[in-house]
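Read off the chains here:
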Amino acid sequence: MPKDPHVHRNDPHYKQAKQKGFRARSAYKLLDIQKRFNIFKRAFYILDLGSAPGSWLQISRKIAEENLEKYKDQYYHRDHFKILGVDLKNISPIDDVKTVKMDFNTPEFQNEIEIFFKSNKLDIILSDASINKSGNKFSDQIRQNQLCYSILEIARKNLRYKGILVLKTFQGQDFNKLMKQMKYEFQIVKSYKPKASKKGSNEIYIIGLKKK
Ligand SMILES: C[S@@+](CC[C@H](N)C(=O)[O-])C[C@H]1O[C@@H](n2cnc3c(N)ncnc32)[C@H](O)[C@@H]1O
């Protein structure tokens, strides 16, 4: 939840998140991305990077459970779902979701992925992960972009053919280079600023649809 309650108490997304039982207002960013791009279509094996406090995991769990019934057909489907969340911070437990407290940029985490998903490839990788901002927009953007490249590496190793990647970055001079790299790796690439993103924030999400 927001760090400064005095500033955020009147924020409509903050209030709505509290009412609906979401752990963070960023829930509405993911719901907006889902509405626009239907990223969870046939998603059963899901990895969420930078999950704390856990609203994206709450949404992933709800949709993955609905998908078990929704996509019971002759096309790609599974009869169970698996969701893994990771953060440097603690994530309070969520039923049927595995969470680990570690840095996702480590060989140990790659090991966790392989053990948990039994070396199966994933349908979708989500990342709302962000660096600890220093306040210097220029260097923050460079560091956030570096984080995005390591997330792309995780996607390269673990995402299935035609899988989906959502990641967060900050707009700035390296943005076009990252978009270009995404276009090498995904058939369709979109950038999107959800309505719940705060005015004045330079955060933007990149959605890679259909991994090549
Ligand atoms: C904006 S929060 C995520 C909010 C989350 N999507 C939700 O809905 O509750 C970003 C998180 O990324 C995490 N993070 C950043 N770098 C990380 C890393 N290398 N490994 C694990 N977590 C990381 C931070 O600790 C932080 O909790």
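Rules used throughout
- Residues numbered from 1 in each chain as written.
- Predicted model: local features only at pLDDT ≥ 70, side-chain atom pairs only at ≥ 80, totals over all residues.
- Helix = DSSP H or I, 4+ residues; strand = E, 2+ residues; numbered from the N terminus.
- Rg over C-alpha atoms; globule rule 2.2 N^0.38 Å.
- Buried ≥ 20, exposed ≤ 12 C-beta atoms within 10 Å, placed from the backbone.
- Contact = placed C-beta atoms within 7 Å.
- Near = placed C-beta within 6 Å.
- Nonpolar A, V, L, I, M, F, W, Y, C, P; charged D, E, K, R; others polar.
- Axes fitted to C-alpha atoms, helices over the stretch in contact; angles between N-to-C directions.
- Parallel < 35°, antiparallel > 145°, perpendicular 65-115°, else oblique.
- Left-handed = near helix turned anticlockwise from the far one by under 90°.

J.: I would appreciate a short explanation of the overall build of the chain in the present structure.
T.: Check the secondary structure of the chain and you find 7 helices and 7 strands. Element order for the chain, N to C, with α for helix and β for strand: α-α-α-β-α-β-β-α-β-α-β-α-β-β. Relative to the globule expectation of 17 Å for 212 residues, the C-alpha radius of gyration of the chain, 17 Å, shows essentially globular dimensions. With 212 residues in all, the chain has 36% of them scored as buried. Here the contacts in the chain between residues at least 6 apart in sequence split such that 67% fall between residues at least 24 apart.

J.: Looking at this structure, I do not really get the site of the ligand. What am I missing?
T.: Near the ligand there are 21 residues, and of these Ala-24, Gly-50, Ser-55, Asp-128 and Ala-129 occur at the shortest range. Taken together, the elements giving at least two residues each to the shell around the ligand come down to α4 (55–70) and β2 (82–87). Class assignment of the residues belonging to the shell around the ligand gives a composition of 9 nonpolar, 7 polar and 5 charged.

J.: Help me understand the packing of helix α3 (residues 27–37) against α4 in this model?
T.: To describe two helices that pack against each other, one gives the angle between their axes and the distance between the axes. Two elements in contact, α3 and α4, have axes whose closest approach is 8 Å; the angle formed by their N-to-C orientations is 40 degrees. Comparing their axes, α4 and α3 come out oblique. As for how α3 packs across α4, the hand of that crossing is right-handed. Residues Ala-27, Leu-30 and Leu-31 of α3 lie in contact with α4, whose contacting residues are Ser-55, Trp-56, Gln-58 and Ile-59. For the contact of α3 with α4, the class distribution of residues is 5 nonpolar, 2 polar and no charged.

J.: Explanation requested: the environment of Gln-171 in the structure shown.
T.: Relative to the helices and strands, Gln-171 is located in the loop between β5 (159–170) and α7 (175–185). Classification of Gln-171 by C-beta neighbours within 10 Å gives partly exposed; the count is 15. Put simply, Gln-171 and Tyr-149 are 22 residues apart on the chain and 15 Å apart in space, counted from C-alpha to C-alpha. Residues within four places of Gln-171 in sequence aside, it is in contact with Asn-202 and Ile-204.

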